[in-house]
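Examination of the molecular architecture
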Amino acid sequence: MDVARAPLRAAGRVARVLREVAQLAPYELPVLGVVDRDVLAPSVPAGIESKVIVWPAGDIEGVFLSDESAVQTMIDKGLMKPGFQSIEAINELLDSLLSGQKNNVIAEVAQRRLRETASLEWPTPRGPDAISRLEVAVTAMSPISEEDLESALAQAEQLWEAHSADRWSLVRGKYLVNEFASRASEMRSGRALLEAVARAGP
């Protein structure tokens with residue numbers, strides 16, 4: 001399969017990508033799914049592992065920033081400011097930026113867990129008595145208690161601590177790439193920096 005010539009199509013979240021690849025797998029089509037690394041996402045089902053690539057980070061920006069060869073390319077191509085001419089100096093800044101995302105990550109993880117726990121099922125607006133069915137569904141929904149919130153936040157913080165050596169599986173690189181580029185590189189934006197690295201082909 002010539003990946004460079006293959007058509008690309010966004011399929012949405014990890015679960016949907018895995019579902020679509022699994023549906024196409026029995027037909028032996030040359031299909032390949034690519035998904036972000038997400039510690040809360042479903043694992044790749046048995047039987048389609050060879051057809052799914054899981055990035056080593058939460059998004060493509062994180063893939064670049066967490067890859068030592070990509071970081072070295074930034075240095076070798078003269079893209080970095082004088083104070084950031086070593087992998088050690090760059091990683092020190094990245095570690096600081098990653099740590100700065102702690103509260104955002106905890107809030108996101110807690111919110112996702114609360115949504116899963118609530119398991120809200122909305123009725124279809126099609127068919128008869130749509131408004132009545134909606135009113136019944138809303139009445140039956142249980143409000144999220146303060147205890148539920150505290151529990152979700154505690155679990156999220158535990159997850160953060162458990163991944164102290166691998167923050168890239170929790171933090172999305174797109175949230176810090178512009179600040180990284182501004183502070184450490186000669187490029188005008190994070191996108192421009194990563195495009196320059198991609199063109200160099202690390």
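**Here's the deal with the pattern of salt bridges**
Considering all chains together, one arrives at five salt bridges under this definition. A salt bridge links Lys102 to Glu161; the shortest N-O distance between them is 3.8 Å. Pair noted here: Lys102 is in helix 5 (residues 102-118) and Glu161 is in helix 7 (residues 146-162), with a separation of 59 residues, a long-range link. Salt-bridge contacts for Arg191 lead to Glu195; the nearest nitrogen and oxygen are separated by 3.0 Å. Of this pair, Arg191 and Glu195 both sit in helix 9 (residues 190-200), four residues apart, roughly one helical turn. Residue Arg191 is classed as exposed on the basis of its relative accessible area, which comes to 64%.

**Examining the nonpolar core**
Of all hydrophobic cores here, the largest spans 39 residues; its most connected members are Leu65, Met74, Met80, Ile90, Leu176 and Phe180. Put simply, the parts of the chain that give this core at least two residues each are helix 2 (60-66), helix 3 (68-76), helix 4 (87-99), helix 5, helix 7, helix 8 (177-184) and helix 9. Among the elements that line this core, the one with the most residues is helix 4, at six residues. Residues contacting Leu65, with those up to four places away along its chain left out, are Val71, Met74, Leu94, Trp168, Gly173, Leu176, Val177, Phe180 and Leu194.

**Notes on the packing of helix 5 against helix 7**
The contact between helix 5 and helix 7 brings their axes to 8 Å, and the two run at 125 degrees. The pairing of helix 5 with helix 7 is recorded here as oblique in orientation. You can see that helix 5 and helix 7 cross each other, and the crossing is right-handed. Contacts between helix 5 and helix 7 involve Lys102, Val105, Ile106, Val109, Ala110, Arg113 and Leu114 from the first element and Asp148, Leu149, Ala152, Leu153, Gln155, Ala156, Glu157, Leu159, Trp160 and Glu161 from the second. Classifying every residue of the contact of helix 5 with helix 7 gives 11 nonpolar, one polar and five charged.

**Observations concerning the side chain of Ser185**
Summarising the element assignment, Ser185 is placed in the loop between helix 8 and helix 9. Ser185 sits in the buried class, given a relative accessible area of 3%. From its side chain, Ser185 meets the backbone oxygen of Ala181 in a polar contact 2.7 Å long. Within the structure, Ser185 has its side chain in polar contact with the backbone nitrogen of Met187 (distance 3.1 Å). In this view, Ser185 contacts Leu79, Met80, Lys81, Phe180 and Leu193; residues no more than four positions away in its chain are not counted.

Cut-offs and rules
- Residues numbered from 1 in each chain as written.
- Predicted model: local features only at pLDDT ≥ 70, side-chain atom pairs only at ≥ 80, totals over all residues.
- Heavy atoms only, no water.
- Salt bridge = Lys/Arg side-chain N within 4 Å of Asp/Glu carboxyl O.
- Helix = DSSP H or I, 4+ residues; strand = E, 2+ residues; numbered from the N terminus.
- Buried < 20%, exposed > 50% of the residue type's maximum accessible area, 1.4 Å probe, protein only.
- Core = buried A, V, L, I, M, F, W, Y, C linked by side-chain atoms within 4.5 Å.
- Contact = heavy atoms within 4.5 Å.
- Axes fitted to C-alpha atoms, helices over the stretch in contact; angles between N-to-C directions.
- Parallel < 35°, antiparallel > 145°, perpendicular 65-115°, else oblique.
- Left-handed = near helix turned anticlockwise from the far one by under 90°.
- Nonpolar A, V, L, I, M, F, W, Y, C, P; charged D, E, K, R; others polar.
- Polar contact = N/O pair within 3.5 Å; in protein donor to acceptor, adjacent residues only side chain to side chain.

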